[in-house]
Amino acid sequence: CAEKALSATKTGGGGGFTFFSKQLVPASARLLALENELRKALNTDQVCLHYQPQIDIHSGEIIGAESLMRWIHPEMGFISPGEFIPLAEETGLMVQIGKWSIRSVLRTVQDWHRRGLTPIVVAVNLSARQFAQDDLVAFMAESLAEVALGDFRIELEITESIAMGDVETTVRKLADLRAMGLMVALDDFGTGYSSLSYLKRFHLDKLKIDKSFVDHVAEEPEDSAIAKAVIEMGHALGLKVIAEGVETQTQLDYLKTLGCDEIQGYYFSKPLPEAEIVDKWLARVNS
Ligand code: C2E
Ligand code: CA
Ligand code: CA
Ligand code: CA
């Protein structure tokens, strides 16, 4: 869906929105239309994954990439995951979408491995509803068994809202997932309301400082205090800390002085179509 993304944004801005337009139909009708369209779109090339590099703050090298869904509708143009993911989560379609994105990531990473590209950690977002599925652990085990990934690793990004479920079940699931070699990152950290005591009990590898604290980290004392506390606490618990939404050199430098380990954001790169992250970031080993 990469090339079409360009033409869709070029033509999509003006008149193309016809009967899905917010002005012509109530919001609920738009949502219903979106859900139906999304259901149909899943196994077509309207939907694809883009990948955003994650950079080691000290070496400046790529060490990971986050997969992010993109949906280019032939009439409606680009529809943000910020719009369709919460919708899918409400309607239950999310489980199907989630399985699609996990399988797609695994196929792509296997391909990268076969092509001898630089091994990195590839992150997949897991919604709360996906995480709550009884068959999540079995689904991951089966899906992993079908692919060979070499030294590539898969990381699951979960948010604090998973802690709202049954804590014992969450602890067990996270342990099972890590036992199969998956890594786990706590996404949007600081925006939720889970108890800090969970951090010790959950089996995690990484904390992701939310963009909302990164935006003004170098100017707002409160934001820098939060970033600093997250980094120190993460390190004290043996976790890596990554900052998301880094757009400027100032933010990067400031996060470096705070001891942050990894950086993701437009400063280095926007999320890229698969072919482009390969060309620009995943050069062959030994060449
Ligand atoms: P997220 O997991 O917090 O992803 C980070 C969002 O910030 C992405 O938005 C990314 O494109 C954007 N971003 C990254 N760096 C910068 C930056 O420097 N500046 C700015 N302004 N934005 C930046 P995106 O791709 O629109 O995704 C929105 C949300 O949709 C994600 O938030 C995630 O919660 C969800 N999502 C996306 N793909 C998937 C998926 O495959 N599965 C699930 N379950 N959720 C997904
Ligand atoms: Ca994420
Ligand atoms: Ca995030
Ligand atoms: Ca965020």
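Computed from a predicted structure; not experimentally measured. (Residues numbered from 1 in each chain as written. Chains lettered and ligands numbered in written order. Predicted model: local features only at pLDDT ≥ 70, side-chain atom pairs only at ≥ 80, totals over all residues. Heavy atoms only, no water.)

K.L.:
In this structure, what is going on with the site of ligand 1? I would like to understand it.
P.N.:
Taken together, 22 residues form the shell around ligand 1, and within it Gln 52, Met 69, Arg 70, Glu 247 and Tyr 266 come nearest. The contact in question runs from an oxygen atom of ligand 1 to an N or O atom on the side chain of Arg 70, over 2.9 Å. Within the side chain of Asn 125, one N or O atom sits 3.1 Å away from an oxygen atom of ligand 1. For the shell around ligand 1, the elements supplying multiple residues, two or more each, are strand 2 (62–73), helix 3 (81–91), helix 4 (94–114) and strand 6 (183–189). Along the lines of polarity and charge, the residues of the shell around ligand 1 split into eight nonpolar, seven polar and seven charged. (Near = heavy atom within 4 Å. Polar contact = N/O pair within 3.5 Å; in protein donor to acceptor, adjacent residues only side chain to side chain. Helix = DSSP H or I, 4+ residues; strand = E, 2+ residues; numbered from the N terminus. Nonpolar A, V, L, I, M, F, W, Y, C, P; charged D, E, K, R; others polar.)

K.L.:
Where do I start with the coordination of the calcium ion (ligand 2) in this structure?
P.N.:
Think of it this way: four donors in a tetrahedron around the metal ideally sit 109.5 degrees apart, and six in an octahedron ideally sit 90 or 180 degrees apart. Protein coordination of the calcium ion (ligand 2) is provided by Glu 66 (OE), Asn 125 (OD1), Glu 157 (OE) and Asp 187 (OD), with donor distances spanning 2.2 to 2.3 Å. Here the donor residues of the calcium ion (ligand 2) share one chain and are spaced in sequence as E-x58-N-x31-E-x29-D. For the pair the calcium ion (ligand 2) and the calcium ion (ligand 3), the metal-to-metal distance amounts to 3.7 Å, and Asp 187 bridges them. Of this pair, Asn 125 sits in strand 4 (residues 121–125) while Asp 187 is found in strand 6, placing the two residues 62 residues apart along the sequence. (Donors = N, O, S within 2.8 Å, 3.2 Å for Na, K, Ca; no water.)

K.L.:
I tried to follow the coordination of the calcium ion (ligand 3) on my own but got confused; where do I start?
P.N.:
Protein ligation of the calcium ion (ligand 3) involves Asp 187 (OD), Asp 187 (OD), Asp 188 (OD), Glu 244 (OE) and Glu 244 (OE), the donor distances falling in the range 2.1 to 3.2 Å. Around the calcium ion (ligand 3) sit six donor atoms; with metal-centred angles ranging over 44 to 161°, the donor geometry is irregular. Read in sequence order, the donor residues for the calcium ion (ligand 3) give the motif D-D-x55-E. Residue classification places Asp 188 among the partly exposed positions, given a relative accessible area of 25%. (Tetrahedral: all angles 85-135°; square planar, octahedral: opposite > 155°, others 65-115°. Buried < 20%, exposed > 50% of the residue type's maximum accessible area, 1.4 Å probe, protein only.)

K.L.:
Looking at this structure, how should I read helix 10 (residues 221–236)?
P.N.:
With 16 residues, helix 10 ought to run about 22 Å at 1.5 Å a step, and its terminal C-alpha atoms sit 22 Å apart, in line with that. Burial in helix 10 covers these residues: Asp 223, Ser 224, Ala 227, Val 230, Ile 231 and Gly 234. Looking straight down helix 10, one finds that the buried residues subtend no more than 125° of arc, so they occupy a single side. Opposite the buried face of helix 10, at more than 90 degrees from it, the exposed residues are Pro 221, Glu 222 and Ala 236. Looking at the buried residues of helix 10, the elements they touch are strand 6, strand 7 (206–209), helix 9 (211–214), strand 8 (240–243) and helix 11 (249–257). Positive backbone phi, at 80°, marks Gly 238, one or two positions downstream of helix 10. (Expected span 1.5 Å × (residues − 1). Arc of directions from axis to C-beta. Contact = heavy atoms within 4.5 Å.)

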